[in-house]
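# A look at the structure
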Amino acid sequence: MTAIAPASVRVGCRLIRHGDEAHLLAGEARSIPARQPAMRRASGAARWIAHGLLADMGISDVAILRAPSGAPVWPGGMTGSLAHDDDMAVAAVAPVGRIASLGIDVEPAQPLPDELQTLVATPADRTGAAPLHLAGRILFSAKEAVYKAVYPLDREILGYEDITVDLDARRAATKTGRKVRLAYCIAPRVVVLAFVEANAG
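Residues numbered from 1 in each chain as written. Predicted model: local features only at pLDDT ≥ 70, side-chain atom pairs only at ≥ 80, totals over all residues. Heavy atoms only, no water.

### Quick notes on the overall build of the protein chain
From N to C terminus, the protein chain includes 4 helices and 8 strands. Counting helices and strands in the order they occur from the N terminus, the protein chain gives β-α-α-β-β-β-α-α-β-β-β-β. Here the C-alpha radius of gyration of the protein chain, 16 Å, is about what a compact globule of 201 residues would show, namely 17 Å. The dimensions of the protein chain, computed from C-alpha atoms along their principal axes, are 45 × 35 × 30 Å. Put simply, of all contacts in the protein chain between residues at least 6 apart along the chain, 56% involve residues at least 24 apart. When the 22 positive and 21 negative side-chain charges of the protein chain are each reduced to one mean point, those points stand 5 Å apart. (Helix = DSSP H or I, 4+ residues; strand = E, 2+ residues; numbered from the N terminus. Rg over C-alpha atoms; globule rule 2.2 N^0.38 Å. Contact = heavy atoms within 4.5 Å. Lys, Arg positive; Asp, Glu negative; His and termini not counted. Charge placed at Lys NZ, Arg CZ, Asp CG, Glu CD.)

### Regarding the pattern of salt bridges
Pairing between side chains of opposite charge can happen when their charged atoms approach one another. Within the structure shown, the criterion is met by 8 salt bridges. A salt bridge links R14 to D20; the shortest N-O distance between them is 2.8 Å. The exposure class of D20 is buried, given its relative accessible area of 2%. Across the pair E197 and R181 runs a salt bridge, and its minimum N-O distance is 3.2 Å. Here E197 is found in strand β8 (residues 189–197), whereas its partner R181 is found in strand β7 (residues 179–185), with 16 residues between them in sequence. (Salt bridge = Lys/Arg side-chain N within 4 Å of Asp/Glu carboxyl O. Buried < 20%, exposed > 50% of the residue type's maximum accessible area, 1.4 Å probe, protein only.)

### Overview of the sheet that holds strand β1 (residues 10–15)
Within the open sheet, the 3 strands sit side by side as β1-β3-β2. Their pairing is antiparallel. Strands at the two margins of the open sheet, each flanked by one partner only, are β1 and β2 (78–84). Strand-to-strand twist across the sheet, computed as the mean angle between neighbouring axes with direction ignored, equals 10°. Those strands touched by helix α2 (residues 37–56) are β1, β2 and β3 (88–95), and its axis lies near 35° from that of β3. (Pairing = 2+ DSSP bridges. Axes fitted to C-alpha atoms, helices over the stretch in contact; angles between N-to-C directions.)

### Examining the state of the cysteines
One way to say it: the disulfide is the covalent bond shared by the sulfur atoms of two cysteines. Counting across every chain of the model gives 0 disulfides. C13 takes part in no disulfide bond, and the closest cysteine sulfur, belonging to C185, lies 8.5 Å away. (Disulfide = S-S within 2.5 Å.)

### Comments concerning the pairing of strand β6 (residues 171–174)
In β6, alternate side chains face the same way, and those of A172 and T174 are buried while those of R171 and A173 on the opposite face are not. When strand β5 (residues 163–166) meets β6, the two strands line up antiparallel, connected through 4 bridges. Within β6, the position partnered with D166 by the bridge is R171. Once β5 ends, the chain turns through 4 residues before running back antiparallel as β6, passing R170 with a positive phi of about 55°. Two strands pair when backbone bridges link them, and β6 and β7 are joined in this way by 3 bridges, in the antiparallel orientation. Paired with R171 across the strands is R181, a residue of β7.

Structure below.
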């Protein structure tokens, strides 16, 4: 993912470990309503990655609070995104500039269940050369990442049917008119990075 992400975007991943909830700063821990240990571990792992990425950019000791919408709150001048599945957490951060907003998603590299495929895919979506057994999973992950990237800009709730994805072109569009670029990898997990460029609609 690092190789195919835009140059200004930093990404990281971490296998979720017991005790990762301890990586939550005090304010972060208070802002996360989930009490299930697994959810708090995953949130701690994702924020641990993000803290490291921000520190590499000269921003230290900043709490990444959870907004009422569920989205992470980034320091001024920064954009980013967090995600996790049952086993792995991922994060992406970038200075606001050429990149206006980011979204990231991680999923197991397994076929998408048929019932989810029916909900996610539309006739306008294009999965093209994506591996057939993972095309649905990549499409699902792409739409999740796109939603995360555009929600901070438009504050509009979108359904899967409101996002059109072309995996071959590495692009997506929303019913709100947003144009979103995509980068993805499929091993060892499906990870999709969605980003809105500053001059995009």
